[in-house]
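Given next are the chains, with one letter for each unit.
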Amino acid sequence: MSLALDLPRLESTLRLPVQDERQQLLQGLLQPTARIDSKYFYDERGCELFTDICRLDEYYPTRTEAQIFSDNREAIAAQLPDTPQWVDLGCGDCNKTRQWLDAVDPARVVGVDIAGEFLQSSIAAVAQQHPQLECVGVVSDFTQHLELHDLLAERPNNPPVFFYPGSSIGNFEPRAAMHFIRRIRAHCGEQGRLLIGADLLKPRAILEAAYDDASGVTAAFNLNILNVVNQELDADFRPELFHHWARFDDEHRRIEMRLVARERHSVRLARHTRRHFEAGEHIVTEYSHKYSADEFRALLAASGLRCTHYWTDAQDWFGVFLAEPA
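How each quantity is defined
Residues numbered from 1 in each chain as written. Predicted model: local features only at pLDDT ≥ 70, side-chain atom pairs only at ≥ 80, totals over all residues. Heavy atoms only, no water. Helix = DSSP H or I, 4+ residues; strand = E, 2+ residues; numbered from the N terminus. Rg over C-alpha atoms; globule rule 2.2 N^0.38 Å. Buried < 20%, exposed > 50% of the residue type's maximum accessible area, 1.4 Å probe, protein only. Contact = heavy atoms within 4.5 Å. Areas by Shrake-Rupley, 256 points an atom, 1.4 Å probe, with all protein chains shown as cover. Lys, Arg positive; Asp, Glu negative; His and termini not counted. Charge placed at Lys NZ, Arg CZ, Asp CG, Glu CD. Pairing = 2+ DSSP bridges. Axes fitted to C-alpha atoms, helices over the stretch in contact; angles between N-to-C directions. Parallel < 35°, antiparallel > 145°, perpendicular 65-115°, else oblique. Left-handed = near helix turned anticlockwise from the far one by under 90°. Nonpolar A, V, L, I, M, F, W, Y, C, P; charged D, E, K, R; others polar. Phe/Tyr/Trp six-rings, centres within 6.5 Å; stacked < 30°, edge-to-face > 60°.

(A) The arrangement of the overall build of the chain in detail. Helix and strand counts for the chain stand at eleven helices and 14 strands. Relative to a compact globule of 326 residues, whose C-alpha radius of gyration would be 20 Å, the chain shows 20 Å and is just as compact. Put simply, the chain has 326 residues, and 50% of those count as buried. The contacts in the chain between residues at least 6 apart in sequence include a share of 71% that link residues at least 24 apart. Of the roughly 15,600 Å² of accessible surface on the chain, a fraction of 47% belongs to carbon and sulfur atoms. Side chains of the chain carry 34 positive and 49 negative charges; the gap between the two charge centres is 4 Å.

Okay, here's the thing in structure tokens:
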């Protein structure tokens, strides 16, 4: 008897070779205002720290969205197509998707994430718990390229429901968010849906505390990105020479996270490339845009989708939007 386990199908739509990804990272660090893409937060240590962040009293988005889902799961599921293809964008450990399987009864689960090995184990765990359910993993930097047409076409009678929780849409500049949602719209056909979470505008003190907690977990998370860059580029960043900074920018209606140099120093970024940092000079690591409910509906409309249903919490801190092709 074979002891081998049948693992779920795993595909890759990654476009850029690793060397090109590294070149993009290097070029971002060499801009007049240095920038590191927030996708580099999530190495093993970064994932652990983000899990800790989600448990913090100050970090309201995760628990607020979870409560909205819990309170309205059946009502939300009732508005979805029957036996859809459930497409979890940035699925991580698939924990959020697991909570929907009984209510939605999908024909297939498609988990999309950039971390291939982690994705394989996450999708395998879902398949093990639900042996009759087809599970597929797609390794993709879906924020840049979303290419699922052929996969979704395998089940033409099961329209896709794209699931994008957690307010990750806020990490996009508004115009880039529109282009991203348009790529989702292009996969929806006539019956597809988008179920998406978005963080809403609220008092500055609440927003800033969520990204700069008193216990310093978010600071550790932000600084850890330098360790990831060191691995990717064979660089020699010293995280102790930077400090975490997070503020709400009223003009752009977003939280901006930075790493600010504590003193003047130089960093080797590649074999023959160095970057000098003056004291107070910073690296941008994340934007998190906040919307009013009406602004987010307008963003969906500009992307070719019509918001049909909206759910929020008692304080109107977070919004869950269900949208269909306009």
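(B) Spatial organisation of the sheet that holds strand β2 (residues 34-35). In space, the four strands of this open sheet follow the order β2-β12-β9-β8, with mixed pairing throughout. Each edge of the sheet is formed by a strand with only one pairing partner; in this case those strands are β2 and β8 (242-249). Across seven bridges, the pairing between strand β9 (residues 254-261) and strand β12 (residues 282-289) is antiparallel. Residue pairing across strands places M257 opposite E286, the latter belonging to β12. Contacting β8, β9 and β12, helix α10 (residues 217-233) runs over the sheet at an angle of about 60 degrees to β9.

(C) Local environment of the packing of helix α8 (residues 174-185) against helix α11 (residues 293-302). Taken N-terminus to C-terminus, the directions of α8 and α11 make an angle of 50 degrees; their axes are 8 Å apart at the nearest point. Classified by the interaxial angle, the pair formed by α8 and α11 is oblique. Note on packing geometry: the crossing formed by α8 with α11 is right-handed. Listed contacts from α11 to P174, A177, M178, I181 and R182 of α8 are L299, L300 and A302. Looking at the contact of α8 with α11 residue by residue, the class counts come to seven nonpolar, no polar and one charged.

(D) Molecular detail of the packing of aromatic side chains. The full count for this structure, using the stated rule, is 23 aromatic pairs. Ring plane angle 75 degrees and centroid distance 6.2 Å describe the contact between F50 and Y59, whose orientation is recorded as edge-to-face. Of the residues examined, F50 reaches a relative accessible area of 26% and is grouped as partly exposed. The interplanar angle of 45 degrees and the centroid separation of 4.7 Å between the aromatic rings of F296 and F321 together place this pair among those described as tilted.

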